[in-house]
Every structure is written in C-alpha cells, then in structure tokens.
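# Close look at the chain arrangement
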Amino acid sequence: MIINAQTVVITLLVISVAFYAGLQVVRTFALTIAQENHDANTAEDQAEEAKRLRRERDADAAATAAFAKVEPMLGAAAAAVSATSASAHSSSSAGASAPSSGASGGA
C-alpha cells in the first residue's frame, strides 16, 4: 500500500463521513430517549394530578358529610346559646338599674 497525500485525504474524508453518520445515529437515539422520558414524566404528572384531585374531592365529600352530621347539633347549640345570652342580658339589665355598692359607689 502506497501512502501519499491522495490516500491520506481520501481516508480522512471517509472517516469524516462515517463519523458524521455515527453522530447522526447517536443524536437520533438520544432524541428518542428524551422524548420517551418527557412522555413518561408527563404521564406521571397527570397521574399525580388526578390522584391529588381525587383526594381533594374525597376530602370535600368527607367535610360535607361531617358538617351534615353536625349541622343539627349546631342549630340546637345556637338556640341554647341565644337563650342563655338572652337570659344573661335580661338579668344584667336588671342588675344595672339597681344601685351598686361596689368599688365605685363607696364612701
């Protein structure tokens, strides 16, 4: 085999073309992997979002059910509180009309 300038140039040209083709194959492969990774991440994010929404919906339903159980007691408690405050208000207004012998009314 004779090594001259023409052989060296042709060899470098063939190696460059092969290297370029190999880089294109690697680039295509890397792009495919990146797209699959992106699709997997998107699917995982959507699954987590659906799970979060389902938990939020379940929590809202549980809160509504708990409030439905407590609501009748709240009505009775509110009536008792208003009756207690009404009787306390009427006794305090009666006490206010009577002369006081406390710290302000002394000698």
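Bear in mind that the values here come from a model prediction, so they are computed numbers and not experimental data.

Moving on, we get to the overall build of the protein. Of regular secondary structure, the protein possesses one helix and zero strands. Counting over 107 residues, the protein shows a buried share of 0%. Surface accessibility of the protein: about 9,200 Å² in total, with carbon and sulfur atoms responsible for 67%.

Bringing a nonpolar patch on the surface into the picture now. Taken together, the side chains of F67, V70, M73 and L74 present a nonpolar region at the surface, about 370 Å² in accessible area. Within the element layout of this structure, L74 appears in helix α1 (residues 5-97).

Attention shifts here to a positive patch on the surface. Taken together, the side chains of K51, R54, R55 and R57 make up a positively charged region of the molecular surface. With respect to the helices, strands and loops of the structure, R55 is situated in helix α1. R55 sits in the exposed class, given a relative accessible area of 54%.

Glancing now at the pattern of salt bridges. This model, assessed by the stated rule, comprises two salt bridges. Among the salt bridges present, the one from E49 reaches R52, with a minimum N-O distance of 2.6 Å. With E49 and R52 both in helix α1, this residue pair falls three residues apart, about one helical turn. Note that E56 is salt-bridged to R52, the shortest N-O span being 3.0 Å. Here E56 and its partner R52 are both found in helix α1, four residues apart, which amounts to about one turn of the helix. Residue classification places R52 among the partly exposed residues on the basis of a relative accessible area of 36%.

So, how was this worked out
- Residues numbered from 1 in each chain as written.
- Predicted model: local features only at pLDDT ≥ 70, side-chain atom pairs only at ≥ 80, totals over all residues.
- Heavy atoms only, no water.
- Helix = DSSP H or I, 4+ residues; strand = E, 2+ residues; numbered from the N terminus.
- Buried < 20%, exposed > 50% of the residue type's maximum accessible area, 1.4 Å probe, protein only.
- Areas by Shrake-Rupley, 256 points an atom, 1.4 Å probe, with all protein chains shown as cover.
- Patch = residues over 30% accessible without salt bridge, like charges linked within 9 Å, V, L, I, M, F, W, Y side chains within 5 Å.
- Salt bridge = Lys/Arg side-chain N within 4 Å of Asp/Glu carboxyl O.
- Lys, Arg positive; Asp, Glu negative; His and termini not counted.
- Charge placed at Lys NZ, Arg CZ, Asp CG, Glu CD.

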